[in-house]
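Coordinate inspection notes
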Amino acid sequence: MSFDEQRAIGGCPPQARFDHTTCLDPLADVRAPDDPACDVFLTGTVFLDIIFTGLDSAPVRGTESWARGMGSSPGGVANMATALSRLGLHTSLAAAFGDDHYGEYCWDALEKGEGIDLGPSRTVRGWHSPVTVSLAYEGERTMISHGHEAPPPEEPAPETPPRARAAVASLTPGAGEDWVAAAAARGTRVFADVGWDDSGRWDLAALPDLRHCEAFLPNAEEAMRYTGTSCPRAAAHALTDHVPLAVVTLGAEGAYAVDGRTGETAEVPAIEVEALDPTGAGDVFVAGFVTGTLAGWPLADRLAFAGLTAALSVQEFGGSLSAPGWVEVSAWWRHVQSYDDQDPAALRRYAFLDAMLPEVVRPWPLRRAVPTIGFGAR
């Protein structure tokens, strides 16, 4: 069987770059003939991200700062869509794209470069693409964004999203989206994250779509504010009164999860890496967790894999183009086992990867994306 044939049955489109995908389908053991064609559905705003990294400090007013690195890539909801697709999941994205060069670049990068289904998406005439400039320094990032809400479609949009195994919803305080309830009613497993509550209310009742979700994945600060607790682990337990599965990311400490249906808990420490650009790491974490959940992995393995994919992503430019695929995961696993000074207990945490990863003979570290506009193949 040829590589392309293997990759096609593994859920990765034949045109996808070998740098990111290989003949591995994480859902191979659970697929059935009557399954939906779409593994994960997402909707949201696609930004053009322009990333400056290698800054020694934050820009100072009245001065000029020079960055040692710069790139551009699709951002916003494209971060998670790309991360899911690179892990071998059939991913469908509904988003508006401007008819400017930025919009054309983002569409091409996602559809042709990443194999993402943009059938539910649309190009809006005369609408310019939203843009975010991200400044990465000292392991953190500062972002400046500009954009306008896309005008409504000229033709009515479908009332329900496509039939899918899962969907990821970004909850907005004080607002609900009809598609979330519709998706859940059709059996789609909905995973949710949330942004900062600018209103300062931090009221779970202001997240009406949470009741339709299987899992909620806030960071520690968000979880504590929403539950009125002072400990992120206590916050995770409190959240299970509102959603079956709560996953709280703890930054440098890793992540903690509670399954309210079974009482099971899991905590996995973070992998220490040198961060080049943390843009989109949270989206990559969610993608890794969704992948493990759909594959039926134990809760601790899902947390470990999500943390690993997020850690690998911060070592590269950009939110979407830094997302690792199975080649990167496999190369990391072979590399980390080659050192005699590794903690055996820490290595055992990732031993579950042995049974599934492809054999990859490539140098480490891998160089993945070259995210910039204007360079085409010649």
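Look above for the structure.
A look at helix α4 (residues 178-185)
One full turn of an α-helix is made of 3.6 residues, so residues set three or four places apart face in the same direction. Turning to α4, its buried residues are W179, V180, A182 and A183. Axial view of α4: buried residues confined to an arc of 165°, hence all on one face. In this structure, α4 carries D178 and A185 as exposed residues pointing more than 90 degrees from its buried face. Buried residues belonging to α4 abut β1 (38-43), β9 (164-171) and β10 (189-194). Phi turns positive, to about 95°, at G187, one or two residues after α4.

Here we look at unusual backbone geometry
In this structure, W202 takes a positive phi of about 50° despite not being glycine. Positionally, W202 belongs in the loop between β10 and β11 (215-216). Residue classification places W202 among the buried residues on the basis of a relative accessible area of 9%.

Digging into the sheet that holds β9
Backbone hydrogen bonds hold the strands of a sheet together, and the pairing may be parallel or antiparallel. Overall, mixed pairing links the eight strands, which are arranged β4-β1-β9-β10-β11-β12-β13-β14 in an open sheet. Of all the strands in the sheet, just β4 (91-94) and β14 (265-268) have a single pairing partner and so form its edges. Where strand β13 (residues 255-259) and β14 come together, four bridges link them in antiparallel fashion. Paired with V258 across the strands is T265, a residue of β14. Helix-sheet contacts for α4 involve β1, β9 and β10, and the interaxial angle to β9 is about 155°.

Concerning the pairing of β14
Here β14 shows a buried face lined by A266 and V268 and an unburied face lined by T265 and E267. In this antiparallel pair of consecutive strands, β13 and β14, the connection spans five residues, and G263 shows a positive phi of 85°.

The rules behind the values
Residues numbered from 1 in each chain as written. Predicted model: local features only at pLDDT ≥ 70, side-chain atom pairs only at ≥ 80, totals over all residues. Heavy atoms only, no water. Buried < 20%, exposed > 50% of the residue type's maximum accessible area, 1.4 Å probe, protein only. Helix = DSSP H or I, 4+ residues; strand = E, 2+ residues; numbered from the N terminus. Arc of directions from axis to C-beta. Contact = heavy atoms within 4.5 Å. Pairing = 2+ DSSP bridges. Axes fitted to C-alpha atoms, helices over the stretch in contact; angles between N-to-C directions.

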